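Close look at the chain arrangement
Listed here are the chains, written in short residue letters.
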Amino acid sequence: MSLSLWTYCAVATMQPGAAHAYGLIDDAALVVDGSMLRWVGPRRDLPADLLNRCTHQHDAAGALITPGLIDCHTHLVYGGDRSHEFELRLNGASYEEIAQSGGGIVSTVLATRTASPEALTAQAQRRLQQLLAEGVTTLEIKSGYGLDLAQERKCLQVARTLGQSNAVAIRTTFLGAHAVPPEFAGRTDDYLDEVLRMLPVLHAEGLVDAVDAFCERIAFSPAQIARLFDAARALGLPMKLHAEQLSDSGGAQLAARFGATSCDHLEWLSDAGAAAMAAVHSVAVLLPGAFYFLRETKLPPVDLLRCHQVPIAIATDSNPGSSPCTSLLLMLNMACTLFRLTPEEALAGVTRHAAQALGLTDRGVLAPGLRADFVLWDVQRPAQLSYALGANPCRQTIFNGTPR
Ligand code: NIG
Ligand code: FE
């Protein structure tokens, strides 16, 4: 196997507990062995025998190298858009009012159901392209706009197809319990029975990497979600939850009871919820795009999360209703400006902690033995990645050891 060497760069390894912030190594060297990292450290410490075996040498010409970015919460596959509801909201309607009057998630469900797989793929591909251009190497895609077996299957298959036709790792999440579809209106428990029938089928077809649900007064209660999580646990699937976005529904405690890998949104998270998450090492996935776009005023309790040492991840939540966003770098900026994360916390949120939110232990930091997913940035300091608005300093992305 040929080894390749990258030099004339600084590397933000994002290793926890490193001597320098961001695990930063100035004048670093990085050795890639096929699809894996073989060595990373100060260039002067590179062992001579390793150097001699490097058949390819890359001059990074002063780039900053970080782990490939991970967008750990997206709803990338959907039909239509909701610019009409954006207009309604600007004329005074609220997100919840629109949802209750048959718009919201349900309107995207109708547009998604009538779209062909090819049309959905083409639409999602454009969004994916924008994420990839900013150095995303792994992303999660949820279903949840199909809401019956055939339609959820269609969306999950589109997500898988995107992973096959692009140099990116895609993790699929079954979000059948996202909303109650029109044909089940007023019969939430009956719809949940249907979701419980879909899950094992889609799982058996290899379409499901994790299970998510929307725990909210306009969606599903903790008791209803417990039934779904019992089924997920029986199948050995990791769980995640949209929790405490619009109210404190006790979703985080419920998710923690099932050892969920993450709880997402969390603006209304309570002290008890944060403590429960900490006890099971659940990651808090904060979604500044949704907070911003819905003009929320209740901030997620970042100090509480810090105090309980709950790892914080950041994601786009890319979706038509609450976060029509395809820039993870913009989310870094918003996590800092709106939620007061430090740029180092924000970068950990789209690397190390985002990997943890997806239950992935082979990426998110740059260390020997892990995947060779990394990005060369035209910046001098890691904080510049959070600092700029609308800039894209991504020069090159290496996915699985190969430049893309
Ligand atoms: O993550 N909170 C629930 N689901 C999405 C919004 C979906 C939509 O409005 O279409 C979210 O914000
Ligand atoms: Fe979401």
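All values derive from a computational prediction rather than experimental measurement. (Residues numbered from 1 in each chain as written. Chains lettered and ligands numbered in written order. Predicted model: local features only at pLDDT ≥ 70, side-chain atom pairs only at ≥ 80, totals over all residues. Heavy atoms only, no water.)

**Some thoughts on the overall build of the protein**
- In terms of regular secondary structure, the protein is built from 16 helices and 15 strands.
- In summary, the protein has a C-alpha radius of gyration of 21 Å against a globular reference of 22 Å for 404 residues, a match within 12%.
- In terms of overall dimensions, the protein has C-alpha extents of about 70 × 45 × 40 Å along its principal axes.
- Split into buried and exposed, the 404 residues of the protein put 58% on the buried side.
- Partitioning the intrachain contacts of the protein with sequence separation of at least 6 by distance along the chain shows that 71% fall at a separation of at least 24. (Helix = DSSP H or I, 4+ residues; strand = E, 2+ residues; numbered from the N terminus. Rg over C-alpha atoms; globule rule 2.2 N^0.38 Å. Buried < 20%, exposed > 50% of the residue type's maximum accessible area, 1.4 Å probe, protein only. Contact = heavy atoms within 4.5 Å.)

**Details of the pattern of salt bridges**
- Enumeration according to the criterion identifies 18 salt bridges in this entry.
- Note that arginine 113 is salt-bridged to glutamate 183, the shortest N-O span being 2.9 Å. Taken together, the residues arginine 113 in helix 4 (residues 105-114) and glutamate 183 in the loop between strand 7 (169-177) and helix 7 (188-204) connect sequence positions 70 residues apart.
- Residue class for glutamate 183 comes out partly exposed when judged on its relative accessible area of 39%.
- Across the salt bridge formed by lysine 142 and aspartate 212, the nearest N and O atoms sit 2.8 Å from each other. You can see lysine 142 sitting in strand 6 (residues 136-142) and its partner aspartate 212 sitting in strand 8 (residues 210-213), a full 70 residues away along the chain. Note on accessibility: lysine 142 and aspartate 212 belong to one class, buried.
- Taken together, the shared-partner salt bridges connect Glu140, Lys142 and Asp212 into one network. (Salt bridge = Lys/Arg side-chain N within 4 Å of Asp/Glu carboxyl O.)

**Re the site of ligand 1**
- As a matter of local geometry, ligand 1 sits amid 15 residues, with Arg82, Tyr95, Tyr145, Gln245 and Ser322 nearest to it.
- One of the side-chain nitrogen or oxygen atoms of histidine 178 is found 2.8 Å away from a nitrogen atom of ligand 1.
- Contacts to ligand 1 include serine 322, whose side-chain N or O atom sits 2.5 Å from an oxygen atom.
- According to the grid-proximity analysis, the pocket containing ligand 1 is the largest cavity.
- Taken together, the residues that form the shell around ligand 1 break down as 4 nonpolar, 9 polar and 2 charged. (Near = heavy atom within 4 Å. Polar contact = N/O pair within 3.5 Å; in protein donor to acceptor, adjacent residues only side chain to side chain. 1 Å grid on protein atoms, 1.4 Å probe; cavity = no way out; pocket = protein on both sides within 12 Å on 5 of 7 lines; lining within 4 Å. Sits in = over half its atoms within 2 Å of the grid points. Nonpolar A, V, L, I, M, F, W, Y, C, P; charged D, E, K, R; others polar.)

**Concerning the sheet that holds strand 5 (residues 69-71)**
- Here 4 strands make up an open sheet; going across it, the order is 5-6-7-8 and the pairing parallel. Each edge of the sheet is formed by a strand with only one pairing partner; in this case those strands are strand 5 and strand 8. Averaged over all pairs of adjacent strands, the angle between strand axes in this sheet comes to 20°, irrespective of strand direction.
- Sheet topology note: the strand 5/strand 6 ladder contains 3 bridges and is parallel. The partner of leucine 69 across the bridge, within strand 6, is valine 136. (Pairing = 2+ DSSP bridges. Axes fitted to C-alpha atoms, helices over the stretch in contact; angles between N-to-C directions.)

**As for the coordination of the iron ion (ligand 2)**
- Only His73 (NE2), His75 (NE2), His242 (NE2) and Asp317 (OD) from the protein reach the iron ion (ligand 2) as donors, at distances of 2.0 to 2.3 Å.
- A relative accessible area of 1% places aspartate 317 in the buried class. (Donors = N, O, S within 2.8 Å, 3.2 Å for Na, K, Ca; no water.)

**Quick look at the sheet that holds strand 4 (residues 54-67)**
- Within the open sheet, the 7 strands sit side by side as 3-2-1-4-13-14-15. Their pairing is mixed. With one partner strand each, in any of the chains shown, strand 3 (36-42) and strand 15 (402-403) form the two edges of the open sheet.
- One ladder, built from 4 bridges, connects strand 4 with strand 13 (residues 374-377); its direction is antiparallel. Residue pairing for strand 13: proline 67 is matched across the bridge by phenylalanine 374.

**Observations regarding unusual backbone geometry**
- Positive phi, close to 45°, is recorded for aspartate 27, a residue that is not glycine.
- Mapped onto the elements of the fold, aspartate 27 is located in strand 2 (residues 24-33).
- One non-glycine residue, histidine 281, lies in positive phi territory at about 60°.
- Looking at where histidine 281 falls in the secondary structure, it is placed in the loop between helix 10 (271-279) and strand 11 (283-286).

**Section: the nonpolar core**
- Of all hydrophobic cores here, the largest spans 102 residues; its most connected members are Val77, Leu139, Val208, Phe229, Leu241, Leu286 and Trp377.
- Aside from chain neighbours lying at most four places away, what touches leucine 139 is Asp71, Thr74, Leu76, Leu128, Leu131, Val168, Ala169, Ile170 and Arg171.
- Core analysis: the second largest hydrophobic core is formed by 17 residues, Cys9, Leu366, Ala372 and Phe374 among them. (Core = buried A, V, L, I, M, F, W, Y, C linked by side-chain atoms within 4.5 Å.)

**Description of the side chain of threonine 326**
- Assignment of secondary structure puts threonine 326 in the loop between strand 12 (312-314) and helix 13 (328-337).
- Assessed through its relative accessible area of 19%, threonine 326 is described here as buried.
- Polar contacts involving the side chain of threonine 326 include one to the side chain of glutamine 130, which spans 3.2 Å.
- Setting aside residues up to four positions removed in sequence, threonine 326 forms contacts with Arg127, Gln130, Leu131, Glu134 and Ser318.

**Comments concerning the packing of helix 7 against helix 8 (residues 222-234)**
- For the pair helix 7 and helix 8, the least separation of the axes is 10 Å and the interaxial angle reads 10°. Comparing the axis directions of helix 7 and helix 8 gives the class roughly parallel. Judged by residue contacts, Thr188, Asp189, Leu192, Asp193, Val195, Leu196 and Leu199 of helix 7 engage Gln224, Arg227, Leu228, Ala231 and Ala232 from helix 8.
- Class assignment of the residues belonging to the contact of helix 7 with helix 8 gives a composition of 7 nonpolar, 2 polar and 3 charged. (Parallel < 35°, antiparallel > 145°, perpendicular 65-115°, else oblique.)

**Some words on the packing of aromatic side chains**
- Following the criterion strictly, the structure yields 7 aromatic pairs and no others.
- Here tyrosine 191 and phenylalanine 220 contribute two aromatic rings whose centre-to-centre distance is 6.4 Å and whose plane-to-plane angle is 35°, an arrangement assigned as tilted. Taken together, the residues span a long stretch of sequence, with tyrosine 191 in helix 7 and phenylalanine 220 in the loop between strand 8 and helix 8 at a distance of 29 residues. The pair tyrosine 191 / phenylalanine 220 is uniform in exposure class, with both members buried.
- With a centroid separation of 5.5 Å and an interplanar angle of 70°, the aromatic rings of phenylalanine 229 and phenylalanine 258 are classed as edge-to-face. Of this pair, phenylalanine 229 sits in helix 8 while phenylalanine 258 sits in the loop between helix 9 (251-257) and strand 10 (262-265), and the two are 29 residues apart along the sequence. Side by side, phenylalanine 229 and phenylalanine 258 carry an identical accessibility label, which is buried.
- One cation-aromatic arrangement involves arginine 89 over phenylalanine 293; the distance from NZ or CZ to the ring centre is 4.8 Å. (Phe/Tyr/Trp six-rings, centres within 6.5 Å; stacked < 30°, edge-to-face > 60°. Lys NZ or Arg CZ within 6 Å of the ring centre and 35° of its normal.)

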